[in-house]
Amino acid sequence: MKRLPVIMSATILTDVKSTSHLHELESEAIYTLREVAGQFEKPVILFSGGKDSIVLVHLALKAFRPGPIPFPLLHVDTGHNFPETIQFRDELVERVGAKLLVRSVQDSIDEGRVVEETGPYASRNALQTITLLDGLKDLKVDAAIGGGRRDEEKARAKERVFSHRDVFGQWEPRNQRPELWRLYNGLKRPGEHFRVFPLSNWTESDIWTYIAEEQIPIPTLYFSHVRPVIKRDSTWLAHSELLTLIPGEEVVERRVRFRTVGDATCTGAIESDASSLEEILNEVLAARVTERSGRADDQRSDAAMEDRKRQGYF
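None of the values given here were measured: they were computed from a predicted structure. (Residues numbered from 1 in each chain as written. Predicted model: local features only at pLDDT ≥ 70, side-chain atom pairs only at ≥ 80, totals over all residues. Heavy atoms only, no water.)

*Asks:* Mind showing me how you'd approach the overall build of the protein here?
*Replies:* Per the secondary structure count, the protein includes eight helices and 10 strands. Evaluated residue by residue, the protein yields a buried proportion of 50% over its 314 residues. The long-range share in the protein, meaning contacts at least 24 apart out of those at least 6 apart in sequence, stands at 72%. (Helix = DSSP H or I, 4+ residues; strand = E, 2+ residues; numbered from the N terminus. Buried < 20%, exposed > 50% of the residue type's maximum accessible area, 1.4 Å probe, protein only. Contact = heavy atoms within 4.5 Å.)

And the structure:
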């Protein structure tokens, strides 16, 4: 019998490879979430309202359906969030039926636990570490599930999936456990906890491809829109009453979008016309800088993220 030639376009091959790759990442993340449910008593999902934590919630829904997500969402509210983020957070919680816990940086300031920064470069982003640690202690959390990925920043590349924290909530790389064959060791002493990162092996493009394939709703901040901004140290910052203008700065309107969502005083926007998920993905694939390169708080020193992780940062 004459064998007919098999013809498959490069596009189809790419799509098949992409689907298989995402399925493997999804399965790994779901396995990790189920391991958390099996090994820990009081886990929470750290929810920022950004794309990675939104994907985490989506994966948790898949992991435990038809039942509800077995852990609450914990949001550390800096008080300097974008309004779009808070609105989306509340809508998501109502839509999926999750329990939301909120801890406020303003409360930490009022209680004297942290001191508000002053000056034009003031930010509350670093202050949220104390608020987070206090919240984890008060709630007796033994596993805080975060959306951190190893490709985000060099300090995060060192993280294990189950990342051990001591009684002070601090990260010590020498105390991390080996994770061979996806065997995760959740053994801890009283007062210690783990940060768990189910998305460790995902990339920014993986996240966006998955959001597109799963049709996951995301905040409008990620799409191109016109808004008033100021240029500060080569970064576009959203203009609001939270920012103190430096002499020479002026408020202008630009078409921008955000690659990350955080404290509005230090989260930079990029000029962009990407108004669809496909356009965002193409833009991400062509980018030559990381998504956190526009975060002013990460640029305070070469070891800014490393220092904050050791202090108990996400």
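Next, the rest of the story.
*Asks:* Help me out: how do you make sense of helix α6 (residues 204-214) in this one?
*Replies:* Since the α-helix advances by 3.6 residues per turn, residues separated by three or four positions end up pointing in the same direction. Most of α6 sits out of view: eight of its 11 residues are buried. Among the residues making up α6, those that are buried are Glu204, Ser205, Asp206, Ile207, Trp208, Thr209, Tyr210 and Ile211. Just beyond α6, the residue with positive phi is Gln215, at close to 55°.

*Asks:* Mind showing me how you'd approach unusual backbone geometry here?
*Replies:* Note: most peptide bonds trans; most residues except glycine with negative phi. With an omega of 10°, the peptide bond between Arg65 and Pro66 qualifies as cis. Position of Pro66 among the secondary structure elements: in the loop between α2 (51-64) and β2 (73-77). One non-glycine residue, Lys140, lies in the positive phi region at around 60°. When you line up the elements, Lys140 lands in the loop between α5 (128-139) and β4 (143-145). Of note in this structure, Trp181 is not a glycine but carries a positive phi near 55°. Positionally, Trp181 belongs in the loop between β5 (162-165) and β6 (193-196). Classification of Trp181 as exposed rests on a relative accessible area of 74%.

*Asks:* Just to check I follow, could you spell out the pairing of strand β10 (residues 268-271) for this structure?
*Replies:* Walk down a regular strand and you will see the side chains alternate between the two sheet faces. With two bridges joining them, strand β8 (residues 235-238) and β10 adopt antiparallel strand pairing. Among the inter-strand pairings, Trp236 is bridged to a residue of β10, identified as Ala269. The pairing of strand β9 (residues 252-257) with β10 spans two bridges and is antiparallel. Counterpart to Val256 in the pairing with β10 is Glu271. (Pairing = 2+ DSSP bridges.)

*Asks:* What's the story with the sheet that holds strand β7 (residues 225-232) in this structure? I'm lost.
*Replies:* Paired through their backbone hydrogen bonds, the strands of a sheet run either parallel or antiparallel. Strand order around the closed barrel formed by four strands is β7-β8-β10-β9, with antiparallel pairing between neighbours. Put simply, the sheet's adjacent strands are angled 70° from each other on average, direction ignored. Note: β7 against β8, four bridges, orientation antiparallel. Within the sheet, the bridge partner assigned to Arg232 lies in β8 and is Thr235. (Axes fitted to C-alpha atoms, helices over the stretch in contact; angles between N-to-C directions.)

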